[in-house]
Amino acid sequence: ERLGAKVIKLKEKGKGRQMREAVKNSRGEILIFLDGDGTDPPEYIPKLLKELETANLVLGCRNLKKFKEDDIMTREILGLNRFFLKPLFRLMGLKIKGDPLAGFRAIRRKDWDKLNLKSNEFEIETEMNIRAVEEGFVIKEVAIPHFKRGGGLKNSKLMADWRMWIKILRMALGYLLRR
């Protein structure tokens, strides 16, 4: 706020709810989402925008390459998703090499509107991926470094709340079973 940003404070929690409300209150034709824990480097936004010229959705993904500024512990722990999540999302038709649950994303408003997302919590990225595949979107990715998470990994809702993983897996498996 002190730098001129419009800050929206909702009474109800939930990442998906917050994202939808932010879009509703925004004016631009291009939407950029970053996680609020300091792990998504905003200086990579121009790279996402460059890729968005020929894509419908661009993910800022970790684990695509090693960066000198990587936090080794974060990279190794979050890199474990390559053994389960990436193959699962590949089965769903998401052909990316990096983190399928990346919160750092760029999308045009018109494409966001096509997705008609309903998720209220962390499964919003899973729903976005599924809907983007269903819509035939061109999905690209940009390699970003692993920064240390503000608040530490143990305070991450995805690390601390197994119910989030159940929601994500249920949504992904439900999609696979419908296909």
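See above for the structure.
Rules used in this analysis
Residues numbered from 1 in each chain as written. Predicted model: local features only at pLDDT ≥ 70, side-chain atom pairs only at ≥ 80, totals over all residues. Heavy atoms only, no water. Core = buried A, V, L, I, M, F, W, Y, C linked by side-chain atoms within 4.5 Å. Buried < 20%, exposed > 50% of the residue type's maximum accessible area, 1.4 Å probe, protein only. Helix = DSSP H or I, 4+ residues; strand = E, 2+ residues; numbered from the N terminus. Contact = heavy atoms within 4.5 Å. Axes fitted to C-alpha atoms, helices over the stretch in contact; angles between N-to-C directions. Parallel < 35°, antiparallel > 145°, perpendicular 65-115°, else oblique. Left-handed = near helix turned anticlockwise from the far one by under 90°. Nonpolar A, V, L, I, M, F, W, Y, C, P; charged D, E, K, R; others polar. Pairing = 2+ DSSP bridges. Salt bridge = Lys/Arg side-chain N within 4 Å of Asp/Glu carboxyl O.

(A) Representation of the nonpolar core in the model. The biggest cluster of nonpolar side chains holds 28 residues, and the ones touching the most others in it are Ile107, Trp112 and Ile139. Only α1 (15-24), β1 (30-33), β2 (57-61), α4 (85-91), α5 (109-115), α6 (124-134) and α8 (162-178) provide two or more residues apiece to this core. Per-element accounting of this core gives the leading share, 4 residues, to α6. Setting aside residues no more than four positions away along its own chain, Ile107 makes contact with Glu29, Ile30, Leu31, Phe33, Leu52, Asn56, Leu57, Trp112, Leu115 and Phe137.

(B) Geometry of the environment of Gly14. By the secondary structure assignment, Gly14 is in the segment before α1. Along the backbone, Gly14 and Glu123 are 109 residues apart, and their C-alpha atoms lie at a distance of 9.8 Å. Apart from the residues lying within four places of it in its own chain, the contact partners of Gly14 are Asn120 and Glu121.

(C) Structural view of the environment of Pro42. Its location among the elements puts Pro42 in the loop between β1 and α2 (45-52). For the pair Pro42 and Ile144, spaced 102 residues apart in sequence, the C-alpha to C-alpha distance is 10.0 Å.

(D) Region of interest: the packing of α6 against α8. Packing of α6 against α8 brings their axes to within 9 Å, and their N-to-C directions diverge by 20°. Classified by the angle their axes make, α6 and α8 are roughly parallel. For the element pair α6 and α8, the recorded crossing hand is right-handed. Contacts between α6 and α8 pair Thr126, Glu127, Ile130, Val133 and Glu134 from the former with Ile168, Met171, Ala172, Tyr175 and Arg178 from the latter. In terms of residue class, the contact of α6 with α8 is built from 6 nonpolar, 1 polar and 3 charged.

(E) Focus on the side chain of Glu125. Position of Glu125 among the secondary structure elements: in helix α6. The contact partners of Glu125, leaving out residues within four places of it in the chain, are Lys15, Asp35, Leu101, Ala102, Gly103 and Arg105.

(F) Here's a closer look at the sheet that holds β1. Taken in spatial order, the 4 strands make up an open sheet running β1-β3-β2-β4, and their pairing is mixed. Lying at the two open borders of the sheet, with one neighbouring strand each, are β1 and β4 (139-143). Looking at each pair of strands side by side, their axes are set apart by 20° on average, direction ignored.

(G) Structural context of the side chain of Thr126. By the element assignment, Thr126 lies in helix α6. Discounting chain neighbours no more than four positions away, the residues touching Thr126 are Phe89, Leu101, Ile168, Met171 and Ala172.

(H) Up close: α1. Of all the residues in α1, the buried ones are Lys15, Gly16, Arg17, Met19 and Val23. Against β1, α5 and α6 lie the buried residues of α1.

(I) Just the pattern of salt bridges, in detail. The tally for this structure, following the rule as stated, stands at 13 salt bridges. For Asp35, the salt bridge is made with Lys15, and the minimal N-O distance between the two is 2.7 Å. Taken together, the residues Asp35 in the loop between β1 and α2 and Lys15 in helix α1 connect sequence positions 20 residues apart. The salt bridge partner of Arg178 is Glu134, with a shortest N-O separation of 3.8 Å. Note that Arg178 is positioned in helix α8 and Glu134 in helix α6, a separation of 44 residues in sequence. By relative accessible area, Arg178 is classed as exposed at 58%. In this structure, a network of salt bridges that share partners links the residues Arg131, Glu134, Glu135 and Arg178.

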